[in-house]
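# Observations on the three-dimensional arrangement
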Amino acid sequence: MNVVNTVVIGAGISGLSTGHFLKKKGINFVIIECEKKTGGVIRTIKKNGFIYENGPNTILNNNSSVNQILRDNNLLDEIITPNKKVSSNRYVFYKGSPEPVPNSLVKFLKTPLLSVSSKINIVKEFFKPAHKKNTTVLNFISNRFGREFHDNLIEPFLTGIYAGDTSRMSTKHALKKIWYMEQKFGSILKGLFLSKNQSLESFNFDFGINKLTETISYSLKKNLIKGIRVTKIKKTNNKYELETNSNKSFTCHNIISTIPAYELKKIIFEDEIKDTLSKIVYNPVGVFHFTFLKSDVKKDLNGFGILTKPSDKKNFLGVIFSSKIFPHICSNKYEIYTVMFGGEKQENIFKKEKKEIKKLLLNDLKNLIKCRGKLQESNFFVWKKGIPQYNLLQEEIEKTVNKFHSKNKGFYIIGNYFSGVSVSDCIRKADDLVSKKF
């Protein structure tokens, strides 16, 4: 039996960040990871001179914890940020063709994405009463700005983040800042005017996002135990015992679980939280990377990417123009496109063979960029349980987790299925936990 102060379960970005902040505090801990590799959903692939991201494509530098972990690991000078003029350009479909999302008042007034009546309706948002209780994103946005605003602008972007259904998403949790503005100021527009503008800058690294997880993993190599799986957790008085599928077992005062809900429910010891964890939905998401010669691309969409809504009837959720925002991922002879597909409304696509999926996506993409040239390289990956959904169950999740924490001192649950889904959210939550509880 190995005796340790704290056991962290999982070495994705949440677990590695937790380990990093525990190490800074001098805590005796181990991180147990069932895979032989660390990083979780952060998976960079280097293939024939091209860099592909199977997971997150960028990290948002939007909180002090992200800055801190970069600084501590001497990575601040190594981040690569996209060209702002390119990355600020985003597209959605309008009447079957790509249309830029307005990013200035002048462009907003001119955009065909919204009718004149919709634009006038947006001004009326100042005078609409705040919601008294949480509701779905579809209801919330439609009530405040109109259905057209929801359909043409909000739905595509939330499809890109969650691959889900806005008629089920929780506004309070999926659009946390927007909900907060309405509740605090009585109006979202008023909140935007009165709130301080926060600079949101995304970044990557020269050889991909896994530079971050690999660097943290290397600094924690003495604390990392890879290739074994926790199979059972028992509580004995004020201590916890962890059994694994190897000959190693552990006794500790503190456990920090960072693994997905569907894995935690298999090993946790209380029925109430097992039941709640089993209700959390993870939508399947696939990714195809397609590389073409730049000279073969006849429609040069210079921006971050394009997102879809169900009525567009495309085979993909969105396309990231990867080499436009991060030119370092290939030589200047090529263009790389990251095509995302699946999610809640496209789940049936996974019933098709990989070859057929590739053909469908390639046809859609080639039509979009007016390319008739030969495909130079491709890469394929599917997350069968990809993105956790922030639906109206979130209130129950948070209450159940907090109740579990209060009953089981020293056992903490964090991860991307509540309180923030992004990489930067996971880093922040790890920092908050360690600073407050250790």
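Since this is a predicted model, take the numbers as computed values, not measurements.

As a further point, take the nonpolar core. Soluble, globular proteins show a tendency: their nonpolar side chains are buried together. Grouped together as the largest cluster of nonpolar side chains are 32 residues, with contacts concentrated most on Val-7, Ile-9, Leu-242, Ile-413 and Tyr-417. Discounting chain neighbours no more than four positions away, the residues touching Val-7 are Val-30, Ile-32, Leu-242, Phe-250, Cys-252, Asn-254, Ile-255 and Ile-256. With 30 residues, the next largest nonpolar core counts Ile-42, Phe-205, Leu-224 and Tyr-412 among its residues.

Strand order in the open sheet formed by 7 strands is β8-β7-β15-β16-β17-β14-β18, and the pairing between neighbours is mixed. Taken across any chain shown, the strands that pair with only one partner, and hence form the sheet edges, are β8 (97-100) and β18 (377-388). Strand-to-strand twist in this sheet, taken as the mean axis angle between neighbours without regard to direction, amounts to 25 degrees. Sheet strands in contact with helix α7 (residues 147-162) are β7 (90-94), β14 (282-293), β15 (305-307) and β18, and its direction is about 120 degrees off that of β7. Contacts from helix α15 (residues 354-369) reach β7, β8, β14, β15, β16 (318-320), β17 (334-342) and β18, with the element oriented near 60 degrees to β14.

The subject of this paragraph is the packing of aromatic side chains. Centre distance and the angle of the planes are the two values used to describe a pair of aromatic rings. With the rule as written, the count across this model stands at 26 aromatic pairs. Here Tyr-162 and Tyr-390 contribute two aromatic rings whose centre-to-centre distance is 5.5 Å and whose plane-to-plane angle is 40 degrees, an arrangement assigned as tilted. Of this pair, Tyr-162 sits in helix α7 while Tyr-390 sits in the loop between β18 and α16 (394-407), and the two are 228 residues apart along the sequence. Each member of the pair Tyr-162 and Tyr-390 is classed as buried.

The rules we used
Residues numbered from 1 in each chain as written. Predicted model: local features only at pLDDT ≥ 70, side-chain atom pairs only at ≥ 80, totals over all residues. Heavy atoms only, no water. Core = buried A, V, L, I, M, F, W, Y, C linked by side-chain atoms within 4.5 Å. Buried < 20%, exposed > 50% of the residue type's maximum accessible area, 1.4 Å probe, protein only. Contact = heavy atoms within 4.5 Å. Pairing = 2+ DSSP bridges. Helix = DSSP H or I, 4+ residues; strand = E, 2+ residues; numbered from the N terminus. Axes fitted to C-alpha atoms, helices over the stretch in contact; angles between N-to-C directions. Phe/Tyr/Trp six-rings, centres within 6.5 Å; stacked < 30°, edge-to-face > 60°.

Nothing here speaks to function; it is geometry throughout.
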